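Notes for the structure review
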Amino acid sequence: MKKILFFIVLIGFMSCEDVIDVDLPQSEPRLIIDASINWLKGTTGSSQLIKLSLSAPYFDTIIPPANNAEVKITNSQNTEFVFTEESDSGFYTNNTFTPVIDETYQLTIVYNSETYIASETLKSVSPITRIEQSQTGGFLAEDYEIKAYTQDPANEDNYYLLEFSNDIPTLPTLEVFKDEFVNGNEIFAYFSDEDLDVGNEIKIRSYGTSERYYEFMFILLQQTSDGGGGPFETQPATVRGNCINTTNKENYPLGYFRLSEVDEFTYEIQ
């Protein structure tokens, strides 16, 4: 009899579930600027891409592209590099870009009769010199872990963006780093994943960045980290990049205009 009563009570609890429709406030779409100019070591850096899209409601699964924009980058010598949209994709490309270390560039976008601008300097990066592998990562110190080493230049401030991706279907891992306390020393970034196994390939990319971009990404990564939060957690604030709307400042864009020299290293777990 006790088992029957328990079953009846359980059915009663299950039948009390209600579907709640969340009515989220709607806002006008904002322009999202993904303008990451990357000069991979050993290449000319002439082929570059800028992605423009629009913000969308939280539950939407499709991010609409921003079509028919006028996009260009200008260097300090007033040389213009015009980016042309591929079909209606929101991807704008240029195949004649000329990257120069420590050169300052200005991005100009005209979209829906409004002008957006941003200015940034192309920063260099030291090459990845060596990789070390161990099996001491993770909570139980049993996961594969790699360390990617580089020699930080002395007597200058350097800021890094590190990207780790692998052939396991997971999102890339991003980290930022500054050499405030290790200036001129050999430094390393490490990566570990419980699903890594022998034969898996890991691609490490090191980007040289400006101090402002480092600060932008540091805040952004803090807000998106797996910190766990409860139901009364403070909501993240909008993190604004270096792009501004000169026509209507209230209609500010999201995203960032960055220029980086990049070093890339692919390592296979042994």
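Counting restarts for each chain: residues are numbered from 1 in the order of the written sequence. Note on the predicted model: pLDDT of at least 70 is required for a residue's local features to be given, and 80 or more for side-chain atom pairs to be given and counted; whole-chain, interface and lining totals, by contrast, use all residues. Derived side-chain values reflect all non-hydrogen atoms in the structure, with water molecules and hydrogen atoms excluded from consideration.

Under the annotation held in an unreviewed UniProt entry, the chain carries the name DUF4249 domain-containing protein and is attributed to Aureibaculum flavum.

1. A closer look at the packing of aromatic side chains
Whether two aromatic rings pair depends on their centres lying within 6.5 Å, for rings of Phe, Tyr and Trp, where Trp uses its six-membered ring; planes under 30 degrees apart make the pair stacked, over 60 edge-to-face, and the rest tilted. Going through the model one piece at a time under the given rule, you end up with 10 aromatic pairs. Between Y213 and Y256 the ring centres are 4.9 Å apart and the planes differ by 70°, which places this aromatic pair in the edge-to-face class. Linking Y213 in helix 2 (residues 211-224) with Y256 in strand 15 (residues 254-268), this pair joins segments that are 43 residues apart in sequence. Throughout this description, buried means an accessible area under 20% of the type-specific maximum (1.4 Å probe, protein chains only), exposed means over 50%, and partly exposed covers the range between. The buried category is assigned to Y213, whose relative accessible area is 8%. Each residue in the set F81, F97 and Y105 is aromatic and connected to the rest through ring pairs, giving one cluster. One cation-aromatic arrangement involves R30 over Y252; the distance from NZ or CZ to the ring centre is 3.8 Å. Geometrically, a lysine NZ or arginine CZ counts as sitting over a ring once it is within 6 Å of the ring centre and also within 35 degrees of the ring normal. The residue whose ring lies beneath R240 is Y252, and the NZ or CZ to ring-centre distance is 3.5 Å. Secondary structure is summarised from DSSP: a helix means a run of H or I of at least four residues, a strand means a run of E of at least two, and numbering begins at the N terminus for each.

2. Things to note about the pairing of strand 4 (residues 80-85)
Along strand 4, the buried face is formed by F81, F83 and E85; none of E80, V82 and T84, which line the opposite face, is buried. At least two bridges found by DSSP between two strands is the condition for calling them paired. Note that strand 3 (residues 70-75) and strand 4 share four bridges and pair antiparallel. By the bridge assignment, T74 is partnered in strand 4 with E80. The hairpin formed by strand 3 and strand 4 contains four residues between the paired strands, and N78 there has a positive phi angle of roughly 65°. Bridging between strand 4 and strand 5 (residues 91-94) involves two bridges; their strand directions are antiparallel. Directly across from T84, in strand 5, lies its bridge partner T93. Counting the residues between successive antiparallel strands, the hairpin from strand 4 to strand 5 contains five residues, one of them, S87, with a positive phi of roughly 50°.

3. Examining the sheet that holds strand 12 (residues 186-192)
With antiparallel pairing, the three strands of this open sheet are ordered in space as 8-9-12. Since the sheet does not close on itself, it has two edges, and those belong to strand 8 (128-137) and strand 12, each with one partner. Averaged over all adjacent pairs, the angle separating strand axes in this sheet is 25°, with direction ignored. Sheet topology places strand 9 (residues 143-151) next to strand 12; seven bridges connect them, and they run antiparallel. Note that in strand 12 the partner of E145 across the bridge is S192. Here an axis means a line fitted to C-alpha atoms, over the contact stretch when the element is a helix, while the angle between two N-to-C directions is reported on a 0 to 180 degree scale.

4. Considerations on a negative patch on the surface
Here the term patch refers to residues with relative accessible area over 30% and no salt bridge, with like charges joined within 9 Å and nonpolar side chains (Val, Leu, Ile, Met, Phe, Trp, Tyr) within 5 Å. For the accessible areas, the method is Shrake-Rupley and the probe is 1.4 Å, while residue cover comes only from the protein chains on display. Just to be clear on terms, a salt bridge is a Lys or Arg side-chain nitrogen sitting within 4 Å of an Asp or Glu carboxyl oxygen. Neither His nor the chain ends is counted toward charge; the positive residues are Lys and Arg and the negative residues Asp and Glu. For the purpose of locating charges, the reference atoms are NZ of Lys, CZ of Arg, CG of Asp and CD of Glu. On the surface, a cluster of negative charge is contributed by E156, D157, E211 and E215. The residue E215 is located in helix 2 in this model. Accessibility expressed as a relative area gives 41% for E215, which makes it partly exposed.

5. Notes on the environment of D197
You can see D197 is positioned in the loop between strand 12 and strand 13 (201-209). Sequence separation between D197 and I269 is 72 residues; the distance between their C-alpha atoms is 6.7 Å. Residue contacts follow a heavy-atom distance rule, with two residues in contact if any of their heavy atoms lie within 4.5 Å. When sequence neighbours within four positions are dropped, the list of residues in contact with D197 reads Y144 and I269.

6. Regarding the sheet that holds strand 15
Taken in spatial order, the 12 strands make up an open sheet running 11-10-13-15-1-2-5-4-3-6-7-14, and their pairing is mixed. Across the chains shown, the open sheet's two edge strands, defined by having one partner strand only, are strand 11 (173-178) and strand 14 (244-245). Helix 2 contacts strand 7 (114-121), strand 10 (159-166), strand 11, strand 13 and strand 15 of the sheet and is inclined by roughly 135° relative to strand 11.

7. Some words on the environment of Y160
In this structure, Y160 sits in strand 10. Classification of Y160 by relative accessible area gives buried; the value is 4%. Setting aside residues no more than four positions away along its own chain, Y160 makes contact with V125, D152, P153, E175, V176, F177, I187, S206, Y207 and T209. Polar contact is defined as a pair of N or O atoms within 3.5 Å, subject to the rule that within protein one atom must be able to donate a hydrogen and the other to accept it, and that residues adjacent in sequence are counted only when both atoms are side-chain atoms. Among the polar contacts made by the side chain of Y160, one reaches the side chain of D152 at a distance of 2.5 Å.

8. Comments concerning the environment of T129
Summarising the element assignment, T129 is placed in strand 8. Look at T129 and you get partly exposed, because its relative accessible area is 48%. For the pair T129 and F188, spaced 59 residues apart in the sequence, the C-alpha separation amounts to 9.8 Å. Sequence-distant contacts of T129, defined by excluding residues within four places in its chain, comprise Y149, T150 and E186.

9. Comments concerning the pattern of salt bridges
Enumeration according to the criterion identifies seven salt bridges in this entry. For D102, the salt bridge goes to K123, with nearest N and O atoms at 3.8 Å. One end of the pair, D102, is in the loop between strand 5 and strand 6 (104-111); the other, K123, is in the loop between strand 7 and strand 8, and 21 residues separate them in sequence. E132 serves as the salt-bridge partner of R130, at 2.7 Å between the closest nitrogen and oxygen. The exposure class of R130 is partly exposed, given its relative accessible area of 32%. For E132, a relative accessible area of 35% puts it in the partly exposed group. Taken together, the salt bridges that share partners define one network made up of R130, E132 and E186.

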